[in-house]
Structure formats: C-alpha cells, structure tokens
Amino acid sequence: MERLSDIGEIKRILSKHGFTFSKAMGQNFLVNPSVCPRMAEMCGADDKTGVLEIGPGIGVLTNELCKVARKVVAIELDTRLLPVLEETLAEHQNVKVINADVMKVDLHKLISEEFSGMEVVVCANLPYYITSPIIMKLLEDKLPINALTVMVQKEAADRLCAEVGSRESGAVTVAVNYYSSAEKLFGVSRGSFMPAPNVDSAVIRLNVSKKPRIDVKDEKLFFKMVKSAFSQRRKTISNSVTSGLSLSKDSFKTACENAGISPTARAEALTLEELGNLANAIYDIK
Ligand code: SAM
C-alpha cells in the first residue's frame with residue numbers, strides 16, 4: 001500500500017479496524033515515512049534474499065521489505081492485526097504472515113521451509129519489552145542468517161553496540177560480540193512512533209559471524225561465567241565468578257594466573273579474548 005507511511009492513512013486504517021494499542025505487546029508503530037525505506041535498504045535484502053520480520057504491526061516496514069526482498073515472512077503475536085495486515089499487504093505476492101509468539105517458533109524449521117535456497121536476514125522494529133531475549137534467541141539458535149537489522153531503544157542500542165571491555169558493556173554485549181559484530185546505523189526520535197514512547201530509539205545491525213569470534217572450550221561455562229561476572233559488576237571477578245560458579249578462591253586464582261588475568265579486575269574491564277581465556281582456564285582446572 002503506497003500511502004501506508006502517511007500518518008493520516010495509518011489512523012484511518014486503525015480506526016476502521018477499531019484497533020487499540022497494547023502496551024503489554026510493546027506496540028509503538030512507526031509513523032515517520034523516512035525510517036522504513038532506510039531500514040529496508042540497509043538490512044542487506046535483495047531479490048535473492050528472504051527477510052524474517054518480527055512484529056509487523058500494521059505492515060509499514062513489511063511493505064518496504066516486500067519491495068526489495070524475494071520473500072518476507074512476518075511473525076505477529078497480536079491476532080487483531082491479521083485482518084489489518086491482509087488489507088495493507090494485499091498488493092504483495094511475496095509475503096506470508098504467521099500468527100505466533102516469536103519466542104515459541106522453531107526458527108530453524110521456519111527458515112528451511114520458507115527460505116529454501118535464499119540468503120536470509122532479519123529486519124524488525126522489535127517490541128521493547130523483549131528486545132534482548134529475541135536478539136539472544138536469534139543468535140544462540142545459530143540460525144543461518146547473515147544479519148539482524150533491528151530498531152531498539154537507544155539505551156539498549158548503546159549496550160548492544162558497546163565495546164567489550166568498556167564501561168557500557170554488559171553480559172548481552174559479550175554475547176552479541178561472541179556471535180556477531182554490531183554497528184549503530186541511525187537514531188530515531190520518539191516522535192517517529194505512535195503512541196510516542198518515553199525514550200528515543202536507534203537502528204542497529206548485527207553482522208552475524210560464520211563462527212563464534214573466539215574459541216571457547218565450553219560455551220555453557222563461558223556464558224555462565226560471563227553472566228556471573230556482570231551480575232555483580234561492581235565486585236571483582238574473584239568475588240562474582242567464584243560465587244556464581246561455586247569455585248574456591250584458590251582454584252579461581254590459579255585459573256586467573258593461567259589466563260594472565262588479575263583476579264581483582266572487574267568484568268567490564270576485560271576484553272572478549274580475556275573473558276574467553278578465563279573461561280578456558282576455569283574449564284581446564286575443573
Ligand atoms: N513493525 C511495526 C512498526 O514498525 O510500526 C510494529 C512494531 S511494534 C514496536 C512491535 C510489534 O511486535 C507489535 O506489532 C506487536 O504486536 C508485536 N509483538 C509483540 N510481542 C511479540 C512476540 N512475542 N512475537 C511476535 N510479535 C510480537
């Protein structure tokens with residue numbers, strides 16, 4: 001639908017369908033006409049690419065994605081939006097809407113069934129209440145996707161795109177950097193949404209690496225250690241990691257010596273490689 005990015009048209013469609021916004025489902029719809037074409041252009045989609053969208057809303061971004069991609073599959077939780085999407089996406093033959101909770105979908109199966117023989121990217125304006133869980137699911141499931149281009153709250157963007165080893169970094173920064181390289185594409189003001197949220201947003205792109213960016217001997221142990229280290233970020237790693245992993249202070253000191261890391265360091269001061277080395281040294285003494 002050509003005029004879909006026009007706020008008057010969006011209001012007309014929503015009122016025609018008697019739609020009311022659900023805060024619980026993170027419904028802040030884009031009403032700034034310049035944002036969706038930019039996201040569609042920068043997400044890496046072309047006529048050989050399948051795009052997975054999460055939360056199409058009334059289909060403003062979906063509409064732009066359909067113009068550049070070979071196929072778009074959009075997963076929407078809110079059943080009330082299905083008749084709206086049927087109307088707004090009527091002119092496109094290359095789109096499929098699936099009514100489901102993205103957290104419960106087998107995405108490996110979906111990608112192999114829907115995007116056979118295509119390169120795959122994710123492009124979405126994510127519901128803010130589950131931004132990190134969705135991003136973590138997409139990365140941890142090791143899906144055959146090249147990149148995730150997503151709109152998130154500005155604070156989340158800062159954390160996701162922070163450098164590991166900087167003050168802004170957190171456990172999610174480490175996870176994102178383990179699986180991908182993150183870049184901030186552009187900021188989006190709160191006034192670009194209806195209803196307007198209390199914070200600004202940003203579009204980021206996570207370029208997914210073919211294999212993790214560091215070698216760890218035991219991924220589960222690595223992430224457990226990272227979570228413990230950042231859960232009490234003001235404490236030294238000696239305090240946070242020993243309690244999180246039920247390790248004695250002496251064993252942890254030996255692991256630190258073997259990895260060349262000070263046990264009195266704080267998690268946010270360690271690089272991705274140092275965190276990997278520390279987890280491997282703990283694995284070796286366990
Ligand atoms: N893409 C639209 C836009 O940019 O205007 C809507 C974005 S809005 C921030 C988030 C969308 O995600 C809503 O349509 C909401 O209903 C949907 N949603 C919320 N939780 C979801 C879930 N668990 N699985 C799939 N969709 C979800």
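Residues numbered from 1 in each chain as written. Predicted model: local features only at pLDDT ≥ 70, side-chain atom pairs only at ≥ 80, totals over all residues. Heavy atoms only, no water.

A.B. asks: Would you explain the site of the ligand in this entry?
C.D. replies: Around the ligand sit 23 residues in total, of which L30, G55, E76, N125 and Y129 are the nearest. A distance of 3.4 Å separates a nitrogen atom of the ligand from a polar backbone atom of P56. V102 is positioned such that a nitrogen or oxygen atom in its backbone is 3.0 Å from a nitrogen atom of the ligand. Here the ligand has 590 Å² of accessible area as a free molecule, and 100% of this is covered by the chains. Listing elements by their share of the shell around the ligand, those giving two or more residues are strand 1 (29–30) and strand 3 (71–76). Of the residues in the shell around the ligand, the class split is 13 nonpolar, six polar and four charged. (Near = heavy atom within 4 Å. Polar contact = N/O pair within 3.5 Å; in protein donor to acceptor, adjacent residues only side chain to side chain. Areas by Shrake-Rupley, 256 points an atom, 1.4 Å probe, with all protein chains shown as cover. Helix = DSSP H or I, 4+ residues; strand = E, 2+ residues; numbered from the N terminus. Nonpolar A, V, L, I, M, F, W, Y, C, P; charged D, E, K, R; others polar.)

A.B. asks: Quick question: what am I supposed to make of the sheet that holds strand 5 (residues 119–125) here?
C.D. replies: Sheets are built from strands paired through backbone hydrogen bonds, the pairs being either parallel or antiparallel. As summarised here, the arrangement of the seven strands in space is 4-3-2-5-6-9-7, forming an open sheet in which the pairing is mixed. In this open sheet, the two edge strands, each paired with only one partner strand, are strand 4 (95–99) and strand 7 (180–188). Between one strand and the next, the sheet's axes are offset by a mean angle of 20 degrees, whatever the strand orientation. By the bridge criterion, four bridges tie strand 2 (residues 49–54) to strand 5 in an arrangement that is parallel. Directly across from G50, in strand 5, lies its bridge partner V120. The strands that helix 5 (residues 107–114) touches are strand 2, strand 3, strand 4 and strand 5; relative to strand 3, the one it contacts most, it runs at about 150 degrees. (Pairing = 2+ DSSP bridges. Axes fitted to C-alpha atoms, helices over the stretch in contact; angles between N-to-C directions. Contact = heavy atoms within 4.5 Å.)

A.B. asks: Sorry if this is basic, but what is going on with the pattern of salt bridges here?
C.D. replies: When their charged atoms lie close together, side chains carrying opposite charge are able to pair. Tallied over the entire structure, the rule returns 17 salt bridges. K96 serves as the salt-bridge partner of E114, at 2.7 Å between the closest nitrogen and oxygen. Remark: K96 occurs in strand 4 and E114 occurs in helix 5; sequence separation between them is 18 residues. One network of salt bridges, with partners in common, ties together E9, R12, K16 and E87. (Salt bridge = Lys/Arg side-chain N within 4 Å of Asp/Glu carboxyl O.)

A.B. asks: Could you clarify how one ought to interpret the nonpolar core in this entry?
C.D. replies: Note that soluble globular proteins tend to have their nonpolar side chains buried in a common cluster. Core analysis: the biggest nonpolar cluster contains 66 residues, and I135, L148, F222, M225, I237 and I282 have the highest contact counts within it. Among the elements that line this core, the one with the most residues is helix 9 (residues 219–231), at seven residues. Split by domain, the residues of this core number at least three in each of domain 1 (7–208) and domain 2 (219–285). Excluding residues that lie within four positions of it along the chain, L148 makes contacts with V122, I135, L138, L139, I204, R205, L206 and V208. Grouped together as the second largest cluster of nonpolar side chains are 36 residues, I10, F19, V31 and V60 included. (Core = buried A, V, L, I, M, F, W, Y, C linked by side-chain atoms within 4.5 Å. Buried < 20%, exposed > 50% of the residue type's maximum accessible area, 1.4 Å probe, protein only. Domains from an automatic or database assignment.)

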